[in-house]
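Working through the structure, step by step
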Amino acid sequence: MGFYDVYSQYKNIDYHQFYEELTDSDILKIIHKDRPINEIEFLALLSPKAENYLELMAQKAHTLSLQHFGKTVLLYTPMYLSNYCTNKCTYCSFSIDNQIKRKQLTAEEIEKEAKAIASMGFKHLLILTGESKKDTPLSYVIDAVHILKKYFDSIGVEIFPLTVEEYQQMIEAGVDSLTIYQEVYDEEIYRKVHLAGRKRNYHFRLDAPERGCIAKMRNVNIGALLGLGEWRSESFMTGLHANYLQNKYPDVEISVSFPRIRPHVGVFEDIYEVTDQNLVQFMLALRIFLPRVGITISTRERQGFRENLIPLGVTRMSAASSTEVGGHSIEDAGDGQFEIDDKRSLEEVRAAIFKKGYQPIFKDWVRI
Amino acid sequence: MSKLSIGGVELKSRLFIGTGKFPNHQILPEVIQASESQVITMAIRRVNLDSKEENILEYIPKDCILLPNTSGARNAQEAVRIARLARAMGLGNWIKIEVISDNKYLLPDNAETIKATEILAKEGFVVLPYMSPDLMAAKRLVDAGAAAVMPLGAPIGTNRGLKTKELVQIIINEIDLPVIVDAGIGKPSEAAEAMEMGAAAVLVNTAIATAENPVQMAKAFSLAVKAGYLAYHAKLAEQHQLAQPSSPLTGFLYEEVR
């Protein structure tokens, strides 16, 4: 059984009716429950009715986060290796149809970027590519990992979905973590926004996090690109997916990201609005549902908002990000994937975390 | 309070503390001082020797015993590699074995822990294994060469107290090595309770690190551990089902006729 069976079980539920029938007392009972909550209670915390209890939810999420993670936030930064892509995704600058400046780093450039990033103090790195197995084959990524291993304690990948055997090869090369977003769980929307390319295969993507778990990645990070579908059902499916993986693969750390769609090169206009309040509700409900899950907030979000999210359960933040290929050290960098919002330096982010009463952590794992 | 001997080292304090989850490293010297703790545990995966500011060792007094832990290890092999790395980094030969392959509840894997203990004890490490409180596993850890055993009171970080009290008591009764209650202790009263049961020491991290005032909480734990230890050695008075009045109603039957 894969996650699609869980998805199928819930995809046709009448969300509207479920929300209608919820009472204030139902929500309060769930928030005050002493034991872990179940899937349906998680959905109740995502309901419009629960919006009236965000502060109570925040208190509970804060307590749970403090107990499980303390006052610490891990910092990492992304490094784009290439922006070549063979897919046609309506919401992404890298889409094959878009006229952007394409670039792929050479081995020398990878080393140069690595030195620039490591000199800032980062120990955890996330490497990304566009989705082109032709331009950036597995061997290219593996070669890059061999170079990067000299500079970083932990390396994560956010690339096209792979098979179990391919993920095992990545792990052997030195990769610890896998980030792969479903983008949108709603199958119909998925078909609409992925016009062409390998990414059209909904099932191959949906099962990729599980393949990463089977291959024994240390950490698997999932998420939906918020804005492509209705946020409550997308958040619900993301939580169910994390829960499914956490239960089935207890030796893998599961994390969830909350990317909201950002301005980019392209024409996608069918965006479902996801307000700050919506994002916070998702994060709080998720923390109460899965107290041990990692929660990542990227520089897509603005600085003040990111800081206020820390006590609510954030365990990991990116900093000093560039979505451009070679954006940390190379003058003729390729175009970025999307616009980032929090453009502060690592030092500024670090100081802000301390000011909030939390400890920024650079090293959380070493592979030996 | 008599001294606790572990791995040939005599310790005055029976409170071990952890260094995770604090808002910064700068607070550690004050917390350690208030706790009077001599054994300080830290996760090797977080020790960052490259940066003075990030290097936790800069904040631990030199006279403390470092107890690096293998947090992050999912099997015996990984725990052994981390322990060897810790020794190579100059962190001494004490090691707390943590082998956890369950990221949901963070419960230790006793079988893998026993394997790692056996290997590392043979290599001359003073091995303190974190374990689920199971008597047979504790006995095997003794045979494997552990210097103490560290059963959990409740899952890590939960502050739920001594949920495993009955099982920990059995281990205390049956094992000759020091039994250090590790994980779950959320209140000084629970630390005192563990000591009253006959535990040799307790290890506390979350309850101190996430308290509103960690320094004051460290002091409170220090006092509680001392109180519990004294109570245990004063031999606790018997418990009774019914009240035992200090002026019994039938006392007159036994009074001498005046």
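In this text the structure is predicted, and so the values were computed from the model without any measurement. (Residues numbered from 1 in each chain as written. Chains lettered and ligands numbered in written order. Predicted model: local features only at pLDDT ≥ 70, side-chain atom pairs only at ≥ 80, totals over all residues. Heavy atoms only, no water.)

1. Describing the overall build of chain B
Applied cut-off: Helix and strand labels come from DSSP, where a helix needs a run of H or I of at least four residues and a strand needs a run of E of at least two; each type is numbered from the N terminus. Throughout, the radius of gyration refers to the C-alpha atoms, and the reference size of a globule is 2.2 Å times the residue count to the power 0.38. When accessible area is computed with a 1.4 Å probe and restricted to protein chains, residues below 20% of their type maximum are described as buried, those above 50% as exposed, and intermediate ones as partly exposed. Between two residues, a contact is recorded if the distance between any of their heavy atoms is within 4.5 Å. Using a 1.4 Å probe, the Shrake-Rupley method yields the accessible areas, and only the shown protein chains count as cover for residues. All tallies of charge rest on Lys and Arg as positive and Asp and Glu as negative; His and the ends of each chain are not included. A charge is said to be at NZ when it belongs to Lys, at CZ for Arg, at CG for Asp and at CD for Glu.
Helix and strand content of chain B: eight helices and ten strands. In summary, chain B has a C-alpha radius of gyration of 20 Å against a globular reference of 18 Å for 258 residues, a match within 12%. Here chain B, with 258 residues, has 55% of them falling under the buried criterion. Within chain B, residue pairs in contact and separated by at least 24 positions form 64% of the contacts whose partners lie at least 6 positions apart. Summed over all atoms, the accessible surface of chain B reaches about 12,100 Å², with 51% contributed by carbon and sulfur. Each charge class in chain B was averaged separately, 26 positive and 28 negative side chains, and the resulting centres sit 3 Å apart.

2. Here's the deal with the packing of helix α1 (residues 3-11) of chain A against helix α12 (residues 231-248) of chain A
All names here are of chain A. Note the threshold: Note on definitions: angles span 0 to 180 degrees between N-to-C directions of axes, and those axes are lines fitted to C-alpha atoms, for helices only across the stretch in contact. Each crossing gets its handedness from the near helix: less than a right angle anticlockwise from the far helix is left-handed, clockwise is right-handed.
Direction vectors running N to C along α1 and α12 enclose 145 degrees, while the axes themselves pass 10 Å from each other. α1 and α12 meet at a crossing whose hand is right-handed. Counting all contacts with α1, which are made through F3, V6, Y7, Y10 and K11, the residues of α12 involved are F236, M237, L240, H241 and Y244.

3. Structural notes on the interface of chain B and chain A
Note on interface size: it is often stated as the accessible area lost on association of the parts. Our working rule: Note on definitions: buried area is the accessible-area loss of two parts on being combined, 1.4 Å probe, summed for both. Salt bridges are defined as contacts in which a side-chain nitrogen from Lys or Arg sits within 4 Å of a carboxyl oxygen from Asp or Glu. Here a polar contact is recorded for every N or O atom pair within 3.5 Å, except that within protein the pair must consist of a potential hydrogen donor and a potential acceptor, and residues adjacent in sequence are included only if both atoms are side-chain atoms. Polar here means any residue other than Ala, Val, Leu, Ile, Met, Phe, Trp, Tyr, Cys and Pro, which are nonpolar, and Asp, Glu, Lys and Arg, which are charged; Gly is therefore polar.
The interface is formed by 31 residues belonging to chain B together with 34 residues belonging to chain A. Counting the surface lost from both chain B and chain A, the interface buries some 2,900 Å², and carbon and sulfur atoms represent 44% of this. Here chain B is connected to chain A by three salt bridges. Ionic pairing is found between E78(B) and R218(A), a salt bridge with its closest N-O pair at 3.0 Å. Joining chain B to chain A, the criterion identifies 20 residue pairs in polar contact (both at pLDDT 80 or more). Considering each element in turn, the side of chain B that touches chain A owes the most residues, four residues, to helix α2 (residues 76-88) of chain B. Grouping the amino acids of the side of chain B that touches chain A by side-chain chemistry returns seven nonpolar, twelve polar and twelve charged.

4. Here we look at the UniProt feature "domain: Thiazole synthase ThiG" (unreviewed entry) in chain B
This is how the line gets drawn: UniProt positions are given in the numbering used here, feature names are shortened, and annotations may be inferred rather than shown by experiment.
Mapped onto the present numbering, the UniProt feature "domain: Thiazole synthase ThiG" (unreviewed entry) falls at residues 6-248 of chain B. Between the C-alpha atoms that bound residues 6-248 of chain B there is a distance of 48 Å. The span itself is 36% helix and 15% strand.

5. Topic: the packing of aromatic side chains
Residues and elements named next belong to chain A. The test is simple: Centres within 6.5 Å make a pair out of two Phe, Tyr or Trp rings, where for Trp the six-membered ring is used; the pair is then stacked when the planes are under 30 degrees apart, edge-to-face when over 60, and tilted otherwise.
A full pass over the atoms with the stated rule returns 14 aromatic pairs over all chains. Relative to Y185, the ring of F3 lies with its centre 6.1 Å away and its plane at 80 degrees, an arrangement referred to as edge-to-face. Of this pair, F3 sits in helix α1 while Y185 is found in the loop between β5 (177-179) and α9 (187-193), placing the two residues 182 residues apart along the sequence. Comparing F3 with Y185 shows no difference in burial state: the two are buried. Relative to F289, the ring of F42 has its centre 4.5 Å away and its plane inclined at 10 degrees; by these criteria the two rings are stacked. With F42 in helix α4 (residues 39-45) and F289 in helix α13 (residues 276-289), this residue pair connects regions lying 247 residues apart in the sequence. For the pair shown, F42 and F289 are each scored as buried.

6. A closer look at the pairing of strand β7 (residues 126-131) of chain B
Residue and element names in this part refer to chain B. Stated precisely, the cut-off is as follows: Strand pairing requires that DSSP identify at least two bridges connecting the strands. Here, the term right-handed applies to a crossover whose path from the first strand over the helix to the second runs clockwise when the strands point away from the viewer.
Burial within β7 is extensive, with six of its six residues counted as buried. Here β7 shows no split at all, with V126, L128 and Y130 on one side and V127, P129 and M131 on the other all buried. Bridging between strand β6 (residues 94-97) and β7 involves four bridges; their strand directions are parallel. Looking at β7, one finds that I97 is bridged to P129. Regarding the hand of the β-α-β motif, the stretch spanning β6, helix α3 (residues 110-122) and β7 is right-handed. Sheet topology places β7 next to strand β8 (residues 150-151); two bridges connect them, and they run parallel. Opposite Y130, over in β8, you have M150 as the bridge partner. Running through helix α4 (residues 135-144), the crossover from β7 to the neighbouring parallel element β8 is right-handed.

7. Points about the environment of T315(A)
Residue and element names in this part refer to chain A. One can find T315 in the loop between α14 (303-309) and β10 (316-318). A relative accessible area of 12% places T315 in the buried class. Apart from the residues within four sequence positions on either side, T315 is in contact with F69, T72, V73, L74, R287, G294 and I295. Polar side-chain contacts of T315 include one of 2.9 Å to the backbone nitrogen of I295.

8. Quick notes on the packing of α2(B) against α3(B)
All names here are of chain B. Between α2 and α3, the least distance of the axes is 8 Å, while the angle of their chain directions is 40 degrees. Crossing of α2 over α3 shows right-handed handedness. Only E112, K115, A116, I119 and L120 of α3 make contact with α2, whose side of the interface consists of A76, A79, V80, A83 and R84.

9. Here we look at helix α6 (residues 188-196) of chain B
Every α-helix winds through 3.6 residues per turn, so residues three or four apart in the chain are directed the same way. All names here are of chain B. Inspection of α6 places P188, E190, A191, A192, A194 and M195 among the buried residues, and these make up the whole buried set. Buried residues along α6 sit against β9 (180-182), β10 (201-204) and α8 (214-233). The positive-phi residue at the C-terminal boundary of α6 is G198, with phi of around 110 degrees.

10. Remarks on the pattern of salt bridges
Residue and element names in this part refer to chain A. One pass over the structure, following the stated rule, counts 30 salt bridges over all chains. Across the salt bridge formed by R350 and E347, the nearest N and O atoms sit 3.0 Å from each other. Of the two residues, R350 and E347 both sit in helix α15 (residues 346-355), three residues apart, roughly one turn of that helix. Classification of R350 by relative accessible area gives buried; the value is 8%.

11. Here we look at α15(A)
All names here are of chain A. For clarity, the cut-off: Each direction from the helix axis to a C-beta atom contributes to the arc, which is the arc of those directions.
Looking only at α15, the buried set comprises L346, V349, R350, A352 and I353. Mapping the buried residues of α15 onto a view down its axis gives an arc of 165 degrees, with all of them on the same face. Its buried side turned inward, α15 meets β1 (72-82), α6 (107-120), α14, β10 and β11 (359-361). Directly beyond the C-terminal end of α15, a positive phi value near 90 degrees is found at G357.

12. Focus: a nonpolar patch on the surface
Keep this limit in mind: Each patch groups residues whose relative accessible area exceeds 30% and which form no salt bridge, using 9 Å between like charges and 5 Å between nonpolar side chains of Val, Leu, Ile, Met, Phe, Trp and Tyr.
Together, F252(B), L253(B) and Y254(B) give the surface a local cluster of nonpolar side chains, amounting to about 410 Å² of exposed area. With relative accessibility at 67%, the residue Y254(B) sits in the exposed group.

13. Concerning the pairing of strand β4 (residues 154-158) of chain A
All names here are of chain A. For β4, a buried count of five out of five residues is recorded, marking the element as mostly surrounded by other parts of the structure. Going residue by residue along β4, you find S154, G156 and E158 tucked away on one face and I155 and V157 tucked away on the opposite face as well. You can see the chain leave strand β3 (residues 124-129), run along helix α7 (residues 138-148) and come back into β4, and the turn it takes is right-handed. Across two bridges, the pairing between β4 and β5 is parallel. By the bridge assignment, V157 is partnered in β5 with L178. The parallel pair β4 and β5, bridged by helix α8 (residues 164-173), forms a crossover whose chirality is right-handed.

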